[in-house]
Amino acid sequence: MAEAVGQLDVRVLLCGHTHLPLRTRLGTTDVLNAGSVGLPFDGDFRPCYLSFFTGHGALQEITICRVAYSRSKTIDLLNQSDMPGKTIMVHRLQTATASDPKVRD
């Protein structure tokens, strides 16, 4: 990642789709990842997003935010659905990891 980012001429790089919140600095670039609103994989099941401010050509402030929601209601609705792969989704909502359950539907 450091090699790829090093080829860019940017101060702030926003990334996504890893399901993991991240703030790191590579050279002169701040790399940010908001995590995931629907399926965070960092062990914290709460939806995650970030808020940031830039000024004077640099990142000034960043906050990784978590919000509460009814995870049990979401899991109940998934269990009642006929959605393909719901067993995996429920397991990931329960564990907040990318792991798969032993049983698949």
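Residues numbered from 1 in each chain as written. Predicted model: local features only at pLDDT ≥ 70, side-chain atom pairs only at ≥ 80, totals over all residues. Heavy atoms only, no water.

Draft legend 1. Spatial organisation of the overall build of the protein. Looking only at helices and strands, the protein features 3 helices and 5 strands. Listing every helix and strand of the protein by position from the N terminus yields α-β-β-β-β-β-α-α. The C-alpha radius of gyration of the protein comes to 17 Å, more than 25% above the 13 Å expected for a compact globule of 105 residues. Judged by the C-alpha coordinates and their principal axes, the protein covers about 50 × 30 × 20 Å. Going through the 105 residues of the protein one by one, you find that 28% of them count as buried. (Helix = DSSP H or I, 4+ residues; strand = E, 2+ residues; numbered from the N terminus. Rg over C-alpha atoms; globule rule 2.2 N^0.38 Å. Buried < 20%, exposed > 50% of the residue type's maximum accessible area, 1.4 Å probe, protein only.)

Draft legend 2. Up close: a nonpolar patch on the surface. A contiguous nonpolar patch, built from Val37, Tyr49 and Val67 and spanning about 260 Å² of accessible area, is present on the exposed surface. Mapped onto the fold, valine 37 is located in the loop between strand S3 (29-34) and strand S4 (48-55). Look at valine 37 and you get exposed, because its relative accessible area is 57%. (Patch = residues over 30% accessible without salt bridge, like charges linked within 9 Å, V, L, I, M, F, W, Y side chains within 5 Å. Areas by Shrake-Rupley, 256 points an atom, 1.4 Å probe, with all protein chains shown as cover. Salt bridge = Lys/Arg side-chain N within 4 Å of Asp/Glu carboxyl O.)

Draft legend 3. A look at the sheet that holds strand S1 (residues 12-15). Ordered by their spatial adjacency, 3 strands build an open sheet running S1-S3-S2, and the pairing between neighbours is mixed. Sheet topology places S1 and strand S2 (21-26) at the edges, where each strand pairs with a single neighbour. Neighbour to neighbour, the strand axes of the sheet diverge by 15° on average, direction disregarded. Of the strand pairs in this sheet, S2 and S3 are connected by 6 bridges, and their pairing is antiparallel. In the sheet register, leucine 26 faces S3, and the bridge partner there is threonine 29. (Pairing = 2+ DSSP bridges. Axes fitted to C-alpha atoms, helices over the stretch in contact; angles between N-to-C directions.)

Draft legend 4. Examining the pattern of salt bridges more closely. Scanning the model with the defined rule gives 5 salt bridges in all. Put simply, arginine 25 and aspartate 30 hold a salt bridge, and the shortest N to O gap is 2.7 Å. Overall, the relative accessible area of 7% leaves aspartate 30 in the buried class. Note that arginine 46 is salt-bridged to aspartate 44, the shortest N-O span being 2.7 Å. Of the residues examined, arginine 46 reaches a relative accessible area of 32% and is grouped as partly exposed. Taking relative accessible area as the criterion, aspartate 44 reaches 21% and is therefore assigned partly exposed. Salt bridges sharing partners connect three or more residues here, namely Asp42, Asp44, Arg46 and Arg66.

Draft legend 5. Region of interest: the pairing of S3. Most of S3 sits out of view: 5 of its 6 residues are buried. With 4 bridges connecting them, S1 and S3 associate as parallel partners. Among the inter-strand pairings, leucine 14 is bridged to a residue of S3, identified as leucine 32. Linking two consecutive strands that pair antiparallel, namely S2 and S3, is a turn of 2 residues; a positive phi of about 65° is found at glycine 27 within it.

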